[in-house]
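# Remarks on the overall topology
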Amino acid sequence: MTQSTLLSWYVAQLKPNGTSLAERNLRRQGFLPFMPMVERDERSSRCFERTLKPLFPGYLFVGFNPDVFDWHPINSTRGIARLVSFGVDGPRPVQHTLIQTLQDNTDEAGIFRTSQPLTEGDEVIVLTGPFADQLACIHKLDDTGRAWILLNLLGRETRVGLHRSQLARA
């Protein structure tokens, strides 16, 4: 049994720009923060730069054993706005299968990568590049790691070649 299977996981809402501050302070208090990241290409002046963005912007998961730690100090942790709660009973743990799936698909650097292979005909979303956040359909896959997709641009289907790492199932 790993350490993360003994923990209950909760969702914490972050204060603006509070990610690193919250992670550092949660660790210092004995809590385990988990924030899967995704790689995105963002336009800056004339080119695209690869950046890391949270998979769930504004939120992170906090793991702890509720029998050992009280959750109330999390709400006063620097960088944290509050634990997400439903009603007056306090926060509810996230399903363990969700956390396990996220952790299984997150590499050592904390980057979320999908483990399901893409196939022809799949609906995908473009993650990076000039067509980021566009929905498309995979037309053809080749042996070099390239995927030929059909994008709807200006009312016409246009065939575009991208690397498979730039795509995720929609």
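Residues numbered from 1 in each chain as written. Predicted model: local features only at pLDDT ≥ 70, side-chain atom pairs only at ≥ 80, totals over all residues. Heavy atoms only, no water.

### Structural notes on the sheet that holds strand 1 (residues 8–14)
Consider a sheet: its strands pair through backbone hydrogen bonds, and that pairing is either parallel or antiparallel. An order of 2-5-1-6 is seen for the four strands of this open sheet, with the pairing classed as antiparallel. At either end of the open sheet lies a strand with only one pairing partner, and these are strand 2 (32–34) and strand 6 (80–83). Taken pair by pair, the neighbouring strands of this sheet meet at an average axis angle of 35°, ignoring direction. Taken together, the six bridges between strand 1 and strand 5 (residues 59–64) define a ladder with antiparallel strand orientation. Following the sheet pairing, Trp-9 is matched in strand 5 by Gly-63. Against the sheet, helix 1 (residues 19–28) engages strand 1, strand 2, strand 5 and strand 6, with an angle of about 5° to strand 5. Here helix 3 (residues 96–104) sits on the sheet in contact with strand 1, strand 2 and strand 5, set at roughly 75° to strand 1. (Pairing = 2+ DSSP bridges. Helix = DSSP H or I, 4+ residues; strand = E, 2+ residues; numbered from the N terminus. Axes fitted to C-alpha atoms, helices over the stretch in contact; angles between N-to-C directions. Contact = heavy atoms within 4.5 Å.)

### Topic: unusual backbone geometry
Phi is positive for Asn-17, close to 55°, though the residue is something other than glycine. Tracing the backbone shows Asn-17 in the loop between strand 1 and helix 1. For Asn-17, a relative accessible area of 81% translates into the label exposed. One non-glycine residue, Asp-133, lies in the positive phi region at around 70°. As for its placement among the helices and strands, Asp-133 is situated in the loop between strand 7 (123–126) and strand 8 (135–141). (Buried < 20%, exposed > 50% of the residue type's maximum accessible area, 1.4 Å probe, protein only.)

### Points about the environment of Arg-28
The residue Arg-28 is located in helix 1 in this model. At 2.5 Å, the side chain of Arg-28 forms a polar contact with the side chain of Asn-25. (Polar contact = N/O pair within 3.5 Å; in protein donor to acceptor, adjacent residues only side chain to side chain.)

### Let's talk about the pairing of strand 7
Taking every second residue as pointing to the same face, the buried face of strand 7 carries Val-124 and Val-126, while none of Glu-123 and Ile-125 on the other face is buried. Across three bridges, strand 7 lies against strand 8 in antiparallel orientation. Across the sheet, residue Val-124 finds its bridge partner in strand 8, namely Ala-136. Pairing of strand 7 with strand 11 (residues 167–169) involves three bridges; the strand directions are antiparallel. Within strand 11, the residue paired with Val-126 across the bridge is Leu-167.

### Topic: the nonpolar core
Nonpolar side chains tend to gather and get buried jointly when the protein is soluble and globular. The biggest cluster of nonpolar side chains holds 14 residues, and the ones touching the most others in it are Leu-26, Leu-60, Val-62, Ile-74 and Ile-80. When contributions to this core are tallied by element, the ones reaching two or more residues are strand 1, helix 1, strand 5 and strand 6. For Val-62, the contacting residues outside a window of four places in its chain are Ser-8, Trp-9, Tyr-10, Ala-12, Leu-26, Phe-31, Leu-32 and Ile-74. Counting residues in each nonpolar core, the second largest holds twelve residues, with Leu-118, Val-126, Ala-147 and Leu-162 among its members. (Core = buried A, V, L, I, M, F, W, Y, C linked by side-chain atoms within 4.5 Å.)

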